Structures are given as structure tokens and as C-alpha cells.
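# Observations on the model geometry
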Amino acid sequence: MRRRKKTADIVIIGGGIMGTSAAYYLAKRGASDVVLVEKDLLVQATTGLSVGGIRQQFSHPANIRLSQHSLRVFKSFKAEFGVDIYFRAAGYLFLAQKETTWNDFLSSVDTQRQMNVPVEVLSPEEIKHRWPYLRVDDLKGGTFGPEDGYADPYLVAMGFADQARRLGVRVEEKTEVTGIRVKNGRVEGVETSGGSISTPVVVDVAGPWGGEAARMAGINLPVKPFRRQVFATSPFDAIPKPVPMVIDQDVTFYFRGEEPNILMGMSDPDEPSSFHTHVDRDFMERVTEAAVYRAPILEKAEIIRGWGGLYTITPDDNPVIGAIPAVEGFICAIGFSGHGFQHGPAVGLILSELILDGHTEFDLKPFAYDRFGDIKKEGEKKVV
Ligand SMILES: Cc1cc2nc3c(=O)[nH]c(=O)nc-3n(C[C@H](O)[C@H](O)[C@H](O)COP(=O)(O)OP(=O)(O)OC[C@H]3O[C@@H](n4cnc5c(N)ncnc54)[C@H](O)[C@@H]3O)c2cc1C
């Protein structure tokens, strides 16, 4: 039996996309003594339950930058990692019913175009012409990102994990971090279900449990978990392929192709924060109603399964990325709502730069822990 090492230069808490990506970039960029600790098996939590959407259509420039970097990684994933992640540039079509939403879309398009994001602004008639199965009579318009699409989140995260292991990262699955030792304002180590590990650096990428991990170090992260449910139809060929990610922003309903099926989901604004992930059949009815309203042909589709996962949400819908000044050696990337999968490649790189170089070229001000005195001013608007 392999004996666990009791020290590490860096301990990563969590084996989702953030943890596996950070592990890979740390090892690739020269860190030699990294341990990733995962309480379950790798990629079984939020990342494995994600819908895999990838888009550059964000409202906030800092999020667009994360997307642009990550998109390059997704496109070259096979060459770099030897894994086909089923990246499909099927596009993202955002739809606006309300005038205020439409104005927000147009303002986001200005920002996106200034950053060279290809995005088309479409009238309801143009939308109907290109996607005849959509109802458009209530729409102000839509925006379409032809480079956007989706990939398989499990394959991406496991691709990072496999390469991280190959580069020397120790991965301890079925090992839970139960405490973080802090002395004189500095991280000294972690307690785990498999014993203590002394370390000067802890990376909190524990997803929905990130707030709890931070509390172990005496840090209050303003993040909460919220259930999100997804439903899959049986094989459905009445809609021509490829089926883009269609987002009915005002009701937060979305669907996309998952050949040969259709995936769909929606947020429930009335649902309180919790760690529940069970599927609720009443809610499934509401999702199918929203589906049939937007794409009446979906009435013929049959839901064959559903699952629930957790969004981790901050007060302004932007994550917290970076060091926490009060505790030296504690660094986190938590609170990615419904877009953490697609930002994982960039954020893993950023964490490695902060830890190994002490700085990064990416703009982290919108993601700083200490911004919460000033929330609601510049958060992300395009959240589903
Ligand atoms: C239904 C749904 C659909 C989504 N769709 C999209 C999408 O289309 N596009 C997109 O970009 N994003 C999407 N997301 C969001 C995305 O999945 C998340 O933002 C992302 O996966 C978060 O990754 P993570 O690594 O931070 O967290 P996770 O994947 O949850 O990983 C955290 C890990 O930490 C482990 N852990 C927690 N506490 C401890 C501890 N104390 N000790 C050891 N291990 C611990 C957990 O077991 C878990 O494996 C979706 C999310 C959901 C729920």
C-alpha cells in the first residue's frame, strides 16, 4: 500500500474542473510537490453534472477574457492532451423578450465587439428564418455567437487530471479535508480523513463546498449553493442539427443538442439556497412548458432522465478568484454560477501564476474578495 506523504508545497482542495486545471498548470509550470485532495472521486460533483456550454457572450470584459483564453484551450485540447472532448461550435443564441434585456444585450455586444468577439445581432424575423422551430413573436431580438458551443466537461477535467498526475501531482481521492491549520495569519497545513498534511499553500476550489472550506481557515466567503436541474429527451430528430445553445434569457430557460438527444434546463428564482440535488417532477413540468412555449416542436419530445447539480453563487454573480489577504497562503476560485466549466482552463492557469509568480496578466479586480463592499455595480449580467 502506498504511504501518504505528510507534507506538500501546495494542497488543492477539490477535484472538479478548477482543481484539475490548477493542478495541471502548477505542475506544467514547475511546481513539484502538489497534492490534490478530493473527498469523492474526481469530477463527480458540479463539473460532471454541467451542461458543458462554452460562450464568449458575457457582459463583463473580465469574463470575456477568461472565455477567450479558455476557448483557445478547448480548441487545441486534443493536440495538447490527446483527448477528444467533443467540442462542437454549434453557437449560442441568446433571446430577449423584454426591452431592458434587449438593451443589456446590445450594450454587451458593444463590449464583446470591442474585444473582437464575433457576435451577430438578429431581428425576430432573422431568427425565424435561421431556426424556424423557434417562436419569435414575443421577442425584441437575439444575439448569436457562432464560435460558441459545448464540450464534454468530464473529459476535459479528466484530461487535466491525467496530465497533472503524469507531471507528478499526487491525487488523493476519497479523502476529505476536515480542517485547515492557520497560525499567526498563515496557513500551516490541512487535516484530512487520511491524516494531516503540512503545507504553506492551500487552494480552495471546493465548488459549492468552497464556503465551508474557507470557514475552516476562519474566512467568510459570501457564496451559496443553489440547485439547478437538467432534463434530457429521448433521441429527437425533428430539429435540424446542429442545435445551438438557445437561451431564453428572461425566463432563464435553455436547450441545446446533445446528439441524438436534447438537453434542457431552467433556474427557479424562488428556490432557496440548499445542497439538495434531487429531481423535482413538478419543476420538470415547468421546464417542459417553457420548452414548448419557445420551440413548440418540442411537444413531441419525451423526457427520459433528469439530474440536479449545484450552482455556487456570489452576490454579484462573479466568482472570487485570488488570495485572501487576511490569511497568507490561502487562495481560492469559488462562485462561478453556471459558467465555471468553461472558465476552468483560464482559472487554473491564473491560480498557477498567482502561486508561482505572485501575479497574472488577467484582470482580477472584478473577482477580488474585497469587492463586496461595492457589490451590484459591475457584476455579470449574462447568467442563466
Ligand atoms: C446543472 C448545471 C449546469 C451547468 N452548466 C454549465 C455550462 O453549460 N457551462 C459552464 O461553463 N458551467 C456550467 N455549470 C457550472 C459549472 O459546472 C461549475 O461552475 C464548475 O463545474 C465548478 O467547478 P469546480 O471545480 O469549482 O467545482 P466542482 O466540480 O463541484 O468540484 C469541487 C470538488 O471539491 C470537492 N470537495 C468539496 N469539499 C471538499 C473537502 N472538504 N475535501 C475534499 N474535497 C472536497 C467536491 O467533492 C468536488 O468534487 C453548470 C452547473 C450545473 C449545476
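Here the structure is a predicted model, which means the values were calculated and not measured.

In the neighbourhood of the ligand, 39 residues make up the surrounding shell, with Gly14, Gly16, Gly207, Gly309 and Gly340 lying closest. Where the shell around the ligand is concerned, the elements lending two or more residues are α1 (17–28), α2 (46–49), β13 (224–233), β17 (303–313) and α10 (340–356). Partitioned by chemical class, the residues of the shell around the ligand number 18 nonpolar, 16 polar and five charged.

Here α10 spans 22 Å end to end across 17 residues, near enough to the 24 Å set by a 1.5 Å rise per residue. Along its length, α10 reaches its greatest deviation from straightness, about 40°, at Ala346. Counting buried positions along α10 yields 15 of 17 residues, so the element is predominantly enclosed.

Here the focus is unusual backbone geometry. Of note, the bond from Lys241 into Pro242 is cis; its omega dihedral lies within 30 degrees of zero at -5°. Among the structural elements, Pro242 can be located in the loop between β13 and β14 (245–248). The amide bond that connects Glu259 to the next residue, Pro260, takes the cis arrangement and shows omega of 5°. With respect to the helices, strands and loops of the structure, Pro260 is situated in the loop between β15 (253–258) and β16 (261–266). Of note, the phi angle at Tyr86 is positive, near 55°, even though the residue is not glycine. Positionally, Tyr86 belongs in the loop between α4 (77–81) and β4 (92–96). When the 15 C-beta atoms within 10 Å are taken as the criterion, Tyr86 is described as partly exposed. Positive phi, close to 45°, is recorded for Ser337, a residue that is not glycine. Tracing the sequence through the fold places Ser337 in the loop between β19 (330–334) and α10.

It is worth spelling out the domain arrangement of the chain at this point. Interface size is often expressed as the accessible area that is lost when the parts come together. Per the domain assignment, the segments making up the chain are domain 1 (10–50 + 154–221 + 316–374) and domain 2 (88–147 + 224–313). Taken over C-alpha atoms, the centre of domain 1 sits 30 Å from the centre of domain 2. Contact residues are listed per partner, giving twelve residues for domain 1 and nine residues for domain 2. Of the residues belonging to the side of domain 1 that touches domain 2, the class tally is four nonpolar, seven polar and one charged.

Spanning 16 residues, helix α5 (residues 99–114) covers 23 Å between terminal C-alpha atoms, matching the ideal 22 Å at 1.5 Å per step. Taken residue by residue, α5 has Trp102, Phe105, Ser108 and Gln112 as its buried positions. With its buried residues spanning 120° around the axis, α5 presents them on a single face. Facing away from the buried surface of α5 by more than 90 degrees, the exposed residues are Glu99, Thr100, Asn103, Ser107, Asp110 and Gln114.

Further remarks concern the sheet that holds strand β8 (residues 170–172). Paired through their backbone hydrogen bonds, the strands of a sheet run either parallel or antiparallel. Across the sheet, which stays open at both edges, the six strands sit in the order β8-β2-β1-β12-β19-β18 with mixed pairing between neighbours. Looking at the sheet topology across the chains shown, the edges are occupied by β8 and β18 (320–323). The average angle at which neighbouring strand axes cross in this sheet is 20°, direction not considered. One ladder, built from three bridges, connects strand β12 (residues 202–204) with β19; its direction is parallel. For Val203, the partnering residue across the bridge sits in β19 and is Ile331. α1 contacts β1 (10–13), β2 (34–37), β12 and β19 of the sheet and is inclined by roughly 170° relative to β2.

Here we take up the packing of α1 against α10. Their axes nearest at 7 Å, the elements α1 and α10 cross at an angle of 40°. By the criterion of interaxial angle, the relationship of α1 to α10 is oblique. Helix-helix and strand crossings are classified by hand; for α1 and α10 the assignment is right-handed. Where α1 abuts α10, its residues Ile17, Met18, Ser21, Ala22, Tyr24, Tyr25 and Leu26 lie against Gly340, Phe341, Gly344, Pro345, Val347, Gly348, Leu349, Leu351, Ser352, Ile355 and Leu356. Along the lines of polarity and charge, the residues of the contact of α1 with α10 split into 13 nonpolar, five polar and no charged.

Rules behind the numbers
- Residues numbered from 1 in each chain as written.
- Predicted model: local features only at pLDDT ≥ 70, side-chain atom pairs only at ≥ 80, totals over all residues.
- Near = placed C-beta within 6 Å.
- Helix = DSSP H or I, 4+ residues; strand = E, 2+ residues; numbered from the N terminus.
- Nonpolar A, V, L, I, M, F, W, Y, C, P; charged D, E, K, R; others polar.
- Expected span 1.5 Å × (residues − 1).
- Bend = angle between axes of the 7 residues up to and from the residue.
- Buried ≥ 20, exposed ≤ 12 C-beta atoms within 10 Å, placed from the backbone.
- Domains from an automatic or database assignment.
- Contact = placed C-beta atoms within 7 Å.
- Arc of directions from axis to C-beta.
- Pairing = 2+ DSSP bridges.
- Axes fitted to C-alpha atoms, helices over the stretch in contact; angles between N-to-C directions.
- Parallel < 35°, antiparallel > 145°, perpendicular 65-115°, else oblique.
- Left-handed = near helix turned anticlockwise from the far one by under 90°.

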